[in-house]
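# Survey of secondary and tertiary structure
Here is what each chain is made of, one letter per residue.
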Amino acid sequence: MKSVPHHAVLLHRDADLAASFVVRADGYEPRGDALVFLREDRVVHQVPQRWVAAISVHDDELSAREAVAAHRRTEVGGATIHVQESAPAAPRRRGRGGAATAVPAEGISIRIDEGRR
């Protein structure tokens, strides 16, 4: 029995909500604006051609998934979250005595700095 190859389909970052993926297919071909993946001459998956950055063919699923993961790592930007507590801890105490337990929500500011590669 012939082994069906795994295709790592790497998408551009502006591919709407779609993410890069792996599909088992004998091959692929353009049809209109779509790129279709075929197995035994039947369409098993399709994606708009303009979304596709690259396709690599692998003999096993693991190497195809590793290619997709590597591509995702190169496309991801970084983000830093800064949290600042500007109010003293609330005077909430448990039972008898004890230390203040929380900063009120009004005293917390959050800033997110996003970066892209």
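Before any of the text, the structure's been laid out above.
Below: a short report on this structure.

### Observations regarding the sheet that holds strand E6 (residues 52–58)
Across the sheet, which stays open at both edges, the 3 strands sit in the order E2-E1-E6 with antiparallel pairing between neighbours. Each of the sheet's edge strands pairs with one partner strand only, and the pair in question is strand E2 (21–24) and E6. Pairs of neighbouring strands in the sheet enclose a mean axial angle of 25 degrees, with direction left out of account. Strand direction decides the pairing type here: strand E1 (residues 6–11) and E2, joined by 4 bridges, are antiparallel. Residue pairing for E2: His-6 is matched across the bridge by Arg-24. Seen against the sheet, helix H1 (residues 61–75) touches E1, E2 and E6 and runs at an angle of roughly 5 degrees to E1.

### Re the packing of aromatic side chains
Under the defined criterion, the tally for this structure stands at 2 aromatic pairs. Relative to Phe-37, the ring of Phe-21 lies with its centre 6.4 Å away and its plane at 75 degrees, an arrangement referred to as edge-to-face. Linking Phe-21 in strand E2 with Phe-37 in strand E4 (residues 34–39), this pair joins segments that are 16 residues apart in sequence. In terms of burial, Phe-21 and Phe-37 fall into one category: buried. A network of ring pairs unites the aromatic residues Phe-21, Tyr-28 and Phe-37 as a single cluster.

### Let's talk about the layout of surface pockets
Space inside the largest pocket adds up to approximately 180 Å³. Surrounding the largest pocket, 12 residues form its lining, His-12, Arg-13, Ala-18, Ala-19 and Glu-75 being those nearest its centre. Ranked by residue count, the leading element in the lining of the largest pocket is H1, at 3 residues. Among the residues making up the lining of the largest pocket, the classes are represented as 5 nonpolar, 3 polar and 4 charged.

### Observations concerning unusual backbone geometry
Trans peptide bonds make up the majority, and among non-glycine residues the majority have a negative phi. Of note, Glu-40 is a non-glycine position whose phi angle comes to about 55 degrees, a positive value. Mapped onto the secondary structure, Glu-40 falls in the loop between E4 and strand E5 (42–48). Judged by relative accessible area, Glu-40 falls into the exposed class, the value being 66%. Of note, Asp-41 is a non-glycine position whose phi angle comes to about 60 degrees, a positive value. Note that Asp-41 resides in the loop between E4 and E5. For Asp-41, a relative accessible area of 76% gives the class exposed.

### Description of the pattern of salt bridges
Under the definition given, this model contains 2 salt bridges. Taking the shortest distance from any N to any O, the salt bridge between Glu-29 and Arg-31 comes out at 2.9 Å. Put simply, Glu-61 and Arg-65 hold a salt bridge, and the shortest N to O gap is 2.8 Å. Of this pair, Glu-61 and Arg-65 are both found in helix H1, 4 residues apart, which corresponds to roughly one turn of the helix. For Arg-65, a relative accessible area of 45% corresponds to the partly exposed category.

Analysis parameters
- Residues numbered from 1 in each chain as written.
- Predicted model: local features only at pLDDT ≥ 70, side-chain atom pairs only at ≥ 80, totals over all residues.
- Heavy atoms only, no water.
- Pairing = 2+ DSSP bridges.
- Helix = DSSP H or I, 4+ residues; strand = E, 2+ residues; numbered from the N terminus.
- Axes fitted to C-alpha atoms, helices over the stretch in contact; angles between N-to-C directions.
- Contact = heavy atoms within 4.5 Å.
- Phe/Tyr/Trp six-rings, centres within 6.5 Å; stacked < 30°, edge-to-face > 60°.
- Buried < 20%, exposed > 50% of the residue type's maximum accessible area, 1.4 Å probe, protein only.
- 1 Å grid on protein atoms, 1.4 Å probe; cavity = no way out; pocket = protein on both sides within 12 Å on 5 of 7 lines; lining within 4 Å.
- Points joined across faces, edges and corners; volume = space filled by probe spheres on them.
- Nonpolar A, V, L, I, M, F, W, Y, C, P; charged D, E, K, R; others polar.
- Salt bridge = Lys/Arg side-chain N within 4 Å of Asp/Glu carboxyl O.

Note that every value here comes from positions in space, so none of it alone points to a role or purpose.
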